[in-house]
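Analysis of the macromolecular model
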Amino acid sequence: MSVAFAGNSTTSPSREAGPLRVMIVDDSVVIRGLISRWIGAEHDMEVAASLRTGLEAVNQIERINPDVAVLDIEMPELDGISALPQLLAKKRDLVIIMASTLTRRNAEISFKALSLGAADYIPKPESTREASAADIFHHDLIQKIRHLGARLRRKAAVASPPLAPASPAPAARGPVARPAALAAAPAVHAPSSLSVTTRPFSTQAPKVLLIGSSTGGPQALMALVTELGPVIDRFPVLITQHMPPTFTTILAEHLARSSRKPASEAVDGEPVKPGRIYLAPGGKHMRVVRNGADAAIALDDGPAVNFCKPAVDPLFTSAIDIWHGSILSVILTGMGSDGMRGGKDIVAAGGSVIAQDEATSVVWGMPGAAANAGICAAILPLNQIGAKVNRLFAGDRS
């Protein structure tokens, strides 16, 4: 049943109960049918509408009032990148997940969509007849809808607290609500970053910076690397971002522009040197191995780890054989718990872990898992991580 809202309001009423309402916008009847069946099989979501063009979505958004839209890029009448700002203008809290096939053009458009307000992107398989590709698409899409939709509802719950009763109860005081600034909160049901404990930073000087990220990661990475020039100049920086092929090529180019330092997809066998950023290529795990007295990149085409390829844990764990406890690792926004096990290994070897805080994470899954495992030396807002990393590499151990 559609839920209408009156007038031309730019926000929708809060729906804390009931399934997430998902609007599917794709000109392929096969893709629309496939996604509709997947959503229909989930207890916590429902298909609010299945539409063929961006124009239909823009014209019907107020009547449909979805929580989440899965928006194709290439469509007749009005494509996804053109429909995106119009949808957000009519419903500013709409969670939009861009869907596209793996081409360079579509990867570029997906990055542009993130800058225009899309919450995330997902690559569509070239053919849904390939079982493994369809399974990954299925798993990733459902998880993105669930976690990003949950974040929306948490924000709405903080922004719109229940009305006080007409006759307030005397004396007893309830818990104090957290400020709205903390509402960019997690899509996982985990303790707040305000309540977890931290451990001391390692006494060993870091010799390498490792970063892991997923949902929300491209934006976070581009903001972070702008502040890391002094570190990049003197130490190697290795990044694993959950992202498919082609997308990582574009991300590396964006990181190079943002940091004004050399950044590229890592190449199997190349030496790991200070002065550059190495990004795990989509579809391959990135590890580091010894090559004589030096470190080198080793790319691995093995099975997914934590449902991801590339995954963060293989990078984190492999680095211990090279740098032992002289490792500083940073876990940024993302779904799941990838990086937590590798982070535990780094801490056990004498290194340190910093996690992005709950309030500034698009999804507090990966950093939240690390924080709640008790392995973090600091849990910081994104805009404080760069300065802290610079100080640690400059000799500060506090």
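Here the structure is shown first, and the text comes after it.
Residues numbered from 1 in each chain as written. Predicted model: local features only at pLDDT ≥ 70, side-chain atom pairs only at ≥ 80, totals over all residues. Heavy atoms only, no water.

1. So, the packing of helix H6 (residues 217-225) against helix H8 (residues 247-259)
One can describe the packing of H6 onto H8 by two numbers: an axis separation of 8 Å at closest approach and a directional angle of 30°. Classed by the angle they form, the pair H6 and H8 counts as roughly parallel. Judged by the twist between their axes, the crossing of H6 over H8 is right-handed. Between H6 and H8, the contacting residues are Pro218, Leu221, Met222 and Val225 on the first element and Leu251, His254, Leu255, Ser258 and Ser259 on the second. (Axes fitted to C-alpha atoms, helices over the stretch in contact; angles between N-to-C directions. Helix = DSSP H or I, 4+ residues; strand = E, 2+ residues; numbered from the N terminus. Parallel < 35°, antiparallel > 145°, perpendicular 65-115°, else oblique. Left-handed = near helix turned anticlockwise from the far one by under 90°. Contact = heavy atoms within 4.5 Å.)

2. Things to note about the packing of helix H4 (residues 104-115) against H8
Direction vectors running N to C along H4 and H8 enclose 50°, while the axes themselves pass 9 Å from each other. Between H4 and H8, the angle is such that the two are oblique. The interaxial crossing formed by H4 with H8 has right-handed handedness. Each of Arg104, Ala107, Glu108, Ser110 and Phe111 in H4 lies in contact with H8, whose residues at this interface are Phe247, Thr249, Ile250, Leu251, Glu253 and His254. Of the residues contributing to the contact of H4 with H8, the split by class is 5 nonpolar, 3 polar and 3 charged. (Nonpolar A, V, L, I, M, F, W, Y, C, P; charged D, E, K, R; others polar.)

3. A word on the pattern of salt bridges
Using the criterion set out here, one finds 15 salt bridges in the structure. A salt bridge links Arg146 to Asp44; the shortest N-O distance between them is 2.6 Å. Here Arg146, found in helix H5 (residues 131-159), pairs with Asp44, found in the loop between helix H1 (29-40) and strand S2 (45-51); they are 102 residues apart in sequence, far enough to count as distant. According to the relative accessible area criterion, Asp44 is buried, its value standing at 18%. Between Arg287 and Asp300 there is a salt bridge, with the nearest N and O atoms lying 2.3 Å from each other. Of this pair, Arg287 sits in strand S10 (residues 285-291) while Asp300 sits in strand S11 (residues 294-300); the two residues are 13 residues apart in sequence, bridging distant segments of the chain. Classification of Asp300 by relative accessible area gives partly exposed; the value is 25%. When salt bridges with common partners are traced through the structure, they connect Asp26, Asp72 and Lys124 into a single cluster. (Salt bridge = Lys/Arg side-chain N within 4 Å of Asp/Glu carboxyl O. Buried < 20%, exposed > 50% of the residue type's maximum accessible area, 1.4 Å probe, protein only.)

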